[in-house]
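This is what each chain is made of:
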Amino acid sequence: MPGFKLAIDGPAGSGKSTISSLIAKKMGWTHIDTGAMYRAVTLQAIEQGIDLNDESAYSFLETSHIHYDLDKIFINDRDVTEDIRSDAVTKNVSLVSSFPYVRKRLVSLQKKAAEEGNIVMDGRDIGTVVLPHADLKIFLTANVEERAKRRLKENLKKGKQSEMEKVIEDIATRDQKDTTRKESPLRIAEDAIILDTTHLTIEEVVSKIIELTDKKENKHGV
Ligand code: DC
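Residues numbered from 1 in each chain as written. Predicted model: local features only at pLDDT ≥ 70, side-chain atom pairs only at ≥ 80, totals over all residues. Heavy atoms only, no water.

*Asks:* Lay out the sheet that holds strand β7 (residues 136-141) with the relevant residues and their values.
*Replies:* The strand order β2-β6-β1-β7-β8 describes an open sheet built from 5 strands, whose pairing is parallel. Only two strands of the sheet have a single neighbouring strand rather than two, namely β2 (30-33) and β8 (193-196). Neighbour-to-neighbour, the strand axes of this sheet turn through a mean angle of 20 degrees, independent of strand direction. Note: β2 against strand β6 (residues 119-123), 4 bridges, orientation parallel. Looking at the pairing, aspartate 33 lines up with aspartate 122 of β6. Of the strands in this sheet, β1 (5-9), β2, β6 and β7 touch helix α1 (residues 16-27), which is tilted by about 175 degrees from β6. The sheet strands contacting helix α2 (residues 34-48) are β2 and β6, and the helix crosses β2 at an angle near 45 degrees. (Pairing = 2+ DSSP bridges. Helix = DSSP H or I, 4+ residues; strand = E, 2+ residues; numbered from the N terminus. Axes fitted to C-alpha atoms, helices over the stretch in contact; angles between N-to-C directions. Contact = heavy atoms within 4.5 Å.)

In structure tokens:
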């Protein structure tokens, strides 16, 4: 596996994607947001009108082409970066990502995408399943209230008003589903470094991870 592989996992709203994207820009590395891939499958399933509870209906993945490039996500070359953030997708993505068939397909795409070059990949099972031999594994946490505050701010930026209590409830429900599902639940890899970001700014988290990366790179001469 040539290149440095950085795995960033954590629960909903822990800042994974924003932080991974900034690290990739600063280091000139490739960023892959695996949550966006599960969202893309969910969007496609909703648009195709399949029964979302029927695992076998996801066989449409045999012929669909999902890829992530420069912080944009595409289904069959259609840019769905905005569409995957809809409420309908957010509500159903935990269900869709719980199916072994869906996970198998996406994990295989993700492993392939990480083969070449320096990669920052973020998600829920990167350090445990997708890149178990990553050079550095980070697990980001923050308390639910802080994560909800961040989500509210993000929504406001997009002109969307939301209620704090509702956002807290959504995040807590998703945490519960993501950590208790049978297939690759969200859990901390044994060799991951845990960073609690509740009282840290985005810039502070980015600097800390880059510092840890530099240390590893010097040690291994990657
Ligand atoms: O990071 P996000 O909130 O955009 O992820 C959306 C959902 O996708 C999340 O609720 C769980 C799932 N997911 C997953 O199961 N495995 C990953 N590696 C990434 C995301």
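*Asks:* Can you tell me about the confidence of the model for the chain, naming the residues and giving the values?
*Replies:* Confidence along the chain averages 93 in pLDDT terms, with 98% of residues attaining 70 or more. Ranking the elements of the chain by mean pLDDT puts strand β3 (residues 66-69) last, at 88, and β1 first, at 98. (pLDDT = per-residue confidence, 0-100.)

*Asks:* Any details on the sheet that holds strand β5 (residues 78-79)? Residues and values, ideally.
*Replies:* Strand order in the open sheet formed by 3 strands is β3-β4-β5, with antiparallel pairing between adjacent strands. Of all strands in the sheet, those bounded by a partner on one side alone are β3 and β5. Bridge count for strand β4 (residues 72-75) against β5 is 2 bridges, and the pairing is antiparallel. In the sheet register, phenylalanine 74 faces β5, and the bridge partner there is aspartate 79. On top of the sheet, α2 reaches β3, β4 and β5; it is set at about 35 degrees to β4, its chief contact.

*Asks:* Which residues make up the packing of aromatic side chains, and what are the values?
*Replies:* Think of a pair of aromatic rings as described by two things: how far the centres are apart, and how the planes are tilted against each other in angle. For the coordinates displayed, the defined rule picks out 3 aromatic pairs. When the centroid spacing of 6.0 Å and the interplanar angle of 40 degrees are considered together, the rings of tyrosine 58 and phenylalanine 60 count as tilted. Both residues of the pair, tyrosine 58 and phenylalanine 60, belong to the buried class. With centroids separated by 5.3 Å and ring planes inclined at 40 degrees, the aromatic side chains of tyrosine 58 and phenylalanine 99 adopt a geometry described as tilted. Residue tyrosine 58 is located in the loop between α2 and β3, and its partner phenylalanine 99 is located in the loop between α3 (87-96) and α4 (100-113); the two are separated by 41 residues in the primary sequence. Side by side, tyrosine 58 and phenylalanine 99 carry an identical accessibility label, which is buried. Grouping aromatic residues by their ring pairs yields a cluster made of Tyr58, Phe60 and Phe99. (Phe/Tyr/Trp six-rings, centres within 6.5 Å; stacked < 30°, edge-to-face > 60°. Buried < 20%, exposed > 50% of the residue type's maximum accessible area, 1.4 Å probe, protein only.)

*Asks:* Could you give an account of the environment of arginine 124, naming the residues involved and the relevant values?
*Replies:* Mapping arginine 124 onto the fold places it in the loop between β6 and α5 (126-130). Along the chain, arginine 124 and alanine 12 lie 112 residues apart, while their C-alpha atoms are 9.0 Å from each other. If sequence neighbours within four positions are ignored, arginine 124 has contacts with Asp9, Gly10, Pro11, Ala12, Lys16, Arg174, Asp178, Arg181, Leu186 and Arg187. In terms of polar contacts, arginine 124 uses its side chain to reach the side chain of aspartate 178, at 3.4 Å. (Polar contact = N/O pair within 3.5 Å; in protein donor to acceptor, adjacent residues only side chain to side chain.)

*Asks:* Quick one: what's the story with the site of the ligand, residue by residue and with numbers?
*Replies:* Around the ligand sit 16 residues in total, of which Arg39, Arg103, Asp125, Arg174 and Arg181 are the nearest. Within the contact set of the ligand, an oxygen atom lies 2.7 Å away from a side-chain nitrogen or oxygen of arginine 39. Between the ligand and arginine 174 there is a distance of 2.8 Å, counted from an oxygen atom to a side-chain nitrogen or oxygen. When isolated, the ligand has an accessible area of 440 Å², and the protein chains bury 97% of it. Put simply, the parts of the chain that give the shell around the ligand at least two residues each are α2, α3 and α7 (164-180). The element contributing the most residues to the shell around the ligand is α2, with 4 residues. Class assignment of the residues belonging to the shell around the ligand gives a composition of 2 nonpolar, 5 polar and 9 charged. (Near = heavy atom within 4 Å. Areas by Shrake-Rupley, 256 points an atom, 1.4 Å probe, with all protein chains shown as cover. Nonpolar A, V, L, I, M, F, W, Y, C, P; charged D, E, K, R; others polar.)

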